Amino acid sequence: MKKYIFRRIIHSIPVLFGITLLTFFVMQTAPGKPTDTVEFSARVSAESKQRLIKLYELDKPIHVRYLKWLFRLARLDFGNSFRDDRPAIKKIAERLPATLLLNILSLGVIFAGGITLGALCAVRHKTFIDNFVTTLVFVGYSLPAFWLALMGIILFGINLGILPISGLRSLNYDFLPWWGKIADVARHLVLPVAITSFTGVAGLTRYAKSGMLDALKSDYARFARAKGVTETRVIFAHALRNALLPVITIMGLSIPGIIGGGFIFETIFAYPGMGRLGYEAIMSRDYPVVMAISVIVAALTLSGNIIADAAYAFADPRIRYSDGKNRRRDS
Amino acid sequence: MFRYYFDRLKRNKRAVAGLSAISAIFILGVLAPVIAPRTPFEQNLVERLKPPSRKALMGTDDLGRDVLSRMLYSVRVSFAVGFTAVGISVLIGTFVGILSGYSGGKTDAVIMRFVDVMLCFPTFFLILMVIAFLEPGILAVMAIIGLTSWMGLSRLVRAEVMSLKEREFALAARLLGLKKRRIFFVHILPNVVSPILVSATMSVGSAILIESGLSFLGLGVMPPEPSWGQMISSGKDYIHLAWWLSLFPGLAILATVLSFNMLGEGLRDVFDPKL
């Protein structure tokens with residue numbers, strides 16, 4: 001097990017390297033240099049222009065700049081934001097907890113909801129419930145989620161007025177007792193979590209259903225029934241555990257989609273997370289912050305995938321002992 | 001062979017429903033200049049924010065433009081973006097997948113590491129990043145969606161090709177001394193077409209979703225050119241006054257994407273009865 005995880009981490013080093021390379025490349029091709037604003041200004045002397053060029057090291061060749069950036073990156077120094085001159089990493093660190101809170105909650109909802117619905121459909125295959133859920137899932141998969149978010153805001157926030165529609169805290173947050181604070185944050189989280197996990201649940205239900213259908217039809221399930229195990233036990237103790245295996249990988253692969261969705265949802269809900277910071281940074285061409293977010297998000301995804309692979313190996317001994325040659329999905 | 005698939009397709013309810021809906025929406029888009037009650041740009045500031053009525057079936061927007069007409073013209077944008085973007089992504093994905101799966105070894109390892117890297121970035125973030133720095137607009141949207149969505153397909157094609165080239169008929173062809181290129185084009189490629197077709201059909205739906213998301217954020221199709229995502233976005237400022245501005249375009253996106261997904265699922269059933 002340790003060996004497997006170790007090998008998986010070694011394999012991801014070139015990927016991490018590629019992430020930094022791609023981020024740097026995209027940023028280099030982006031138009032606009034820090035010196036552009038003073039390029040044709042008569043009040044700026046040639047000397048100060050040179051000073052700026054030196055400061056941003058625009059006189060150095062591209063690979064030197066990349067390596068220098070990489071070394072600073074290794075010390076988590078992403079440079080300062082163009083907007084308020086604060087370290088990019090600090091701005092992200094402020095926003096990261098809110099984003100992680102939202103994403104972990106959504107992942108939890110997706111996991112619980114998708115597996116429950118998928119298993120339900122498989123157990124009650126071709127009944128009314130199955131058809132109903134399957135249709136719903138199909139529609140959910142095709143919904144523009146940002147539109148769903150808007151409709152949710154109209155219905156629950158404006159027409160019914162039962163849920164807050166933006167931010168993470170009410171205005172009177174500081175005056176609430178501790179349980180009031182928790183309840184306040186929870187109320188603010190209901191809509192964003194529900195909307196961000198909606199399409200995820202739809203997607204996962206399909207995989208969970210087909211996995212569960214296979215498991216219920218398998219030889220070991222039939223054998224368990226033959227020796228007199230109750231159907232409930234067959235479903236929960238035998239079939240479900242095996243059906244969950246592919247779901248783990250799907251979860252790992254869906255992380256970038258969930259984080260990516262954050263860029264649109266956090267903006268709609270005015271949620272104080274990294275997604276909105278990223279959107280604002282992109283719109284204002286705040287390169288250091290964009291680069292930092294890009295690298296951090298990609299690295300988070302990469303570690304999410306490693307964790308998913310480790311969980312898979314933990315659950316399925318065949319992977320652990322196959323020396324990773326036959327069944328590794330990333331090679 | 002084609003007859004066989006065609007007959008199966010005709011009997012698949014989902015595929016037929018999806019295909020008919022797609023054709024209907026497509027025809028509506030093509031005929032937009034003929035059937036739309038007004039042009040999508042015609043403003044009428046007296047008739048602002050009027051709810052759906054006989055005169056304007058889907059109401060009017062904040063500039064008094066006819067929502068129904070704008071909806072019809074948006075079909076063109078969505079279909080153009082959907083098909084072009086998927087065309088680009090299918091070309092790249094198939095090429096990369098075949099190259100990787102057929103050559104194996106070091107080439108395969110390098111290509112797949114690159115695919116891993118691309119998959120680590122949330123697609124939407126990558127698109128946002130590139131598009132915000134380029135000039136936003138419909139051409140950029142098509143190109144960027146295509147350039148950032150080929151990875152899944154390339155993995156699929158690679159896996160297919162790898163298993164196909166070890167199969168008996170491919171081995172037999174090799175034993176017969178056929179040229180590599182001939183084995184590839186005559187024996188391998190036709191077998192990868194069906195999974196590509198299924199995945200491409202579904203991808204049209206997601207490309208339309210991405211386009212609407214970008215237009216919603218103001219980075220896709222530029223106003224006054226109508227597009228569903230941008231209509232939802234401009235409707236959101238009047239959400240408490242005029243629900244019809246955001247509701248109808250959203251339903252249109254849903255219907256279109258749903259049809260493509262239904263056709264995709266139907267095609268999967270047709271090509272691969274196992275599932």
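Nothing here was measured: the structure is a model prediction, and the numbers come from that model.

**Student:** Would you take a moment to explain the overall build of chain B for this structure?
**Tutor:** Counting secondary structure elements, chain B contains twelve helices and zero strands. Secondary structure of chain B in N-to-C order comes out as α-α-α-α-α-α-α-α-α-α-α-α. Each principal axis of the C-alpha atoms in chain B carries an extent, and together these give about 80 × 45 × 25 Å. Across the 275 residues that make up chain B, the buried fraction comes to 52%. In chain B, the share of contacts with a sequence separation of at least 24, taken over all contacts with a separation of at least 6, comes to 72%. Of the roughly 13,000 Å² that chain B leaves accessible, carbon and sulfur atoms contribute 68%. The distance from the centre of the 28 positive side-chain charges to the centre of the 18 negative ones in chain B is 8 Å.

**Student:** Explain the nonpolar core here, please?
**Tutor:** Soluble, globular proteins show a tendency: their nonpolar side chains are buried together. Formed by 138 residues in total, the largest nonpolar core has its most connected members in Ile293 of chain A together with Leu128 and Leu214 of chain B. Structurally, this core is a two-domain feature, drawing no fewer than three residues from each of domain 1 (2–74) and domain 2 (95–318) of chain A. If we ignore the near neighbours within four places in the chain, the residues touching Leu128 of chain B are Phe263, Tyr279 and Ile282 of chain A together with Leu214, Leu217 and Leu219 of chain B. Core analysis: the second largest hydrophobic core is formed by 18 residues, Ile110, Leu204, Ala215 and Leu216 of chain A among them.

**Student:** I keep staring at the packing of aromatic side chains and nothing clicks. Help me out?
**Tutor:** We describe a pair of aromatic rings using the distance from one ring centre to the other and the angle between the two ring planes. All names here are of chain A. What the rule picks out here adds up to 13 aromatic pairs over all chains. Ring geometry for Phe17 versus Tyr66: centroids 6.5 Å apart, planes at 85°, classification edge-to-face. Of this pair, Phe17 sits in helix H1 (residues 2–29) while Tyr66 sits in helix H3 (residues 62–74); the two residues are 49 residues apart in sequence, bridging distant segments of the chain. Residue classification places Tyr66 among the buried residues on the basis of a relative accessible area of 9%. Through a chain of ring-to-ring contacts, three or more aromatic side chains come together here, namely Phe17, Phe24, Tyr66 and Trp69.

**Student:** Would you mind going over the confidence of the model for chain A with me for this structure?
**Tutor:** Do not read the fine detail of predicted coordinates wherever pLDDT is low. Residue and element names in this part refer to chain A. Of the residues in chain A, 90% have a pLDDT of 70 or more, and the chain-wide mean is 81. Ranking the elements of chain A by mean pLDDT puts helix H12 (residues 317–321) last, at 70, and helix H8 (residues 219–226) first, at 90. Predicted confidence for residues 324–331 stays below pLDDT 50, and this span has 18 contacts to residues more than four positions away or in other chains.

**Student:** Help me understand the interface of chain A and chain B in this model?
**Tutor:** How big an interface is tends to be stated in terms of accessible area lost as the parts join. With 47 residues of chain A in contact, the opposing surface of chain B contributes 41 residues. Of the roughly 3,900 Å² buried between chain A and chain B, counting both surfaces, carbon and sulfur atoms make up 79%. At the boundary of chain A and chain B, one finds one salt bridge. Between Arg206 of chain A and Glu265 of chain B there is a salt bridge, with its nearest N and O atoms 2.2 Å apart.

**Student:** Please explain the environment of Met151 of chain A as it appears in this structure.
**Tutor:** Here Met151 of chain A shows up in helix H6 (residues 145–159). Using a relative accessible area of 19% as the deciding quantity, one classes Met151 of chain A as buried. The sequence separation of Met151 of chain A and Ile110 of chain A amounts to 41 residues, and the corresponding C-alpha distance is 20 Å. Once you skip the residues sitting within four places of it in the chain, Met151 of chain A turns out to touch Ser246 and Leu247 of chain B.

**Student:** Honestly, helix H11 (residues 228–235) of chain B in this entry has me stumped. Any pointers?
**Tutor:** The buried count for H11 of chain B comes to seven of eight residues, which makes it a mostly enclosed element. Along H11 of chain B, the residues classified as buried are Trp228, Gly229, Gln230, Met231, Ile232, Ser233 and Gly235 of chain B. Where the residues of H11 of chain B are buried, they touch H6 of chain A together with helix H4 (67–103), helix H10 (180–216) and helix H12 (244–271) of chain B.

**Student:** Teacher, can you tell me more about the domain arrangement of chain A here?
**Tutor:** Residue and element names in this part refer to chain A. Parsing chain A into structural domains produces domain 1 (2–74) and domain 2 (95–318). Of note, the centres of domain 1 and domain 2, computed from C-alpha atoms alone, are 35 Å apart. With 16 residues of domain 1 at the interface, the matching set in domain 2 holds 14 residues. Of the roughly 1,300 Å² buried where domain 1 meets domain 2, counting both sides, 78% is carbon and sulfur surface. Summed over the three residues of domain 1 that lose the most area to domain 2, namely Arg8, Ile19 and Met27, the buried surface amounts to 38% of that side. Our enumeration of links across domain 1 and domain 2 arrives at one salt bridge. The closest approach of N and O atoms between Asp309 and Arg8, which form a salt bridge, is 2.4 Å.

Here is what the cut-offs are and how they apply
Residues numbered from 1 in each chain as written. Chains lettered and ligands numbered in written order. Predicted model: local features only at pLDDT ≥ 70, side-chain atom pairs only at ≥ 80, totals over all residues. Heavy atoms only, no water. Helix = DSSP H or I, 4+ residues; strand = E, 2+ residues; numbered from the N terminus. Buried < 20%, exposed > 50% of the residue type's maximum accessible area, 1.4 Å probe, protein only. Contact = heavy atoms within 4.5 Å. Areas by Shrake-Rupley, 256 points an atom, 1.4 Å probe, with all protein chains shown as cover. Lys, Arg positive; Asp, Glu negative; His and termini not counted. Charge placed at Lys NZ, Arg CZ, Asp CG, Glu CD. Core = buried A, V, L, I, M, F, W, Y, C linked by side-chain atoms within 4.5 Å. Domains from an automatic or database assignment. Phe/Tyr/Trp six-rings, centres within 6.5 Å; stacked < 30°, edge-to-face > 60°. pLDDT = per-residue confidence, 0-100. Buried area = accessible area lost by both parts, 1.4 Å probe. Salt bridge = Lys/Arg side-chain N within 4 Å of Asp/Glu carboxyl O.

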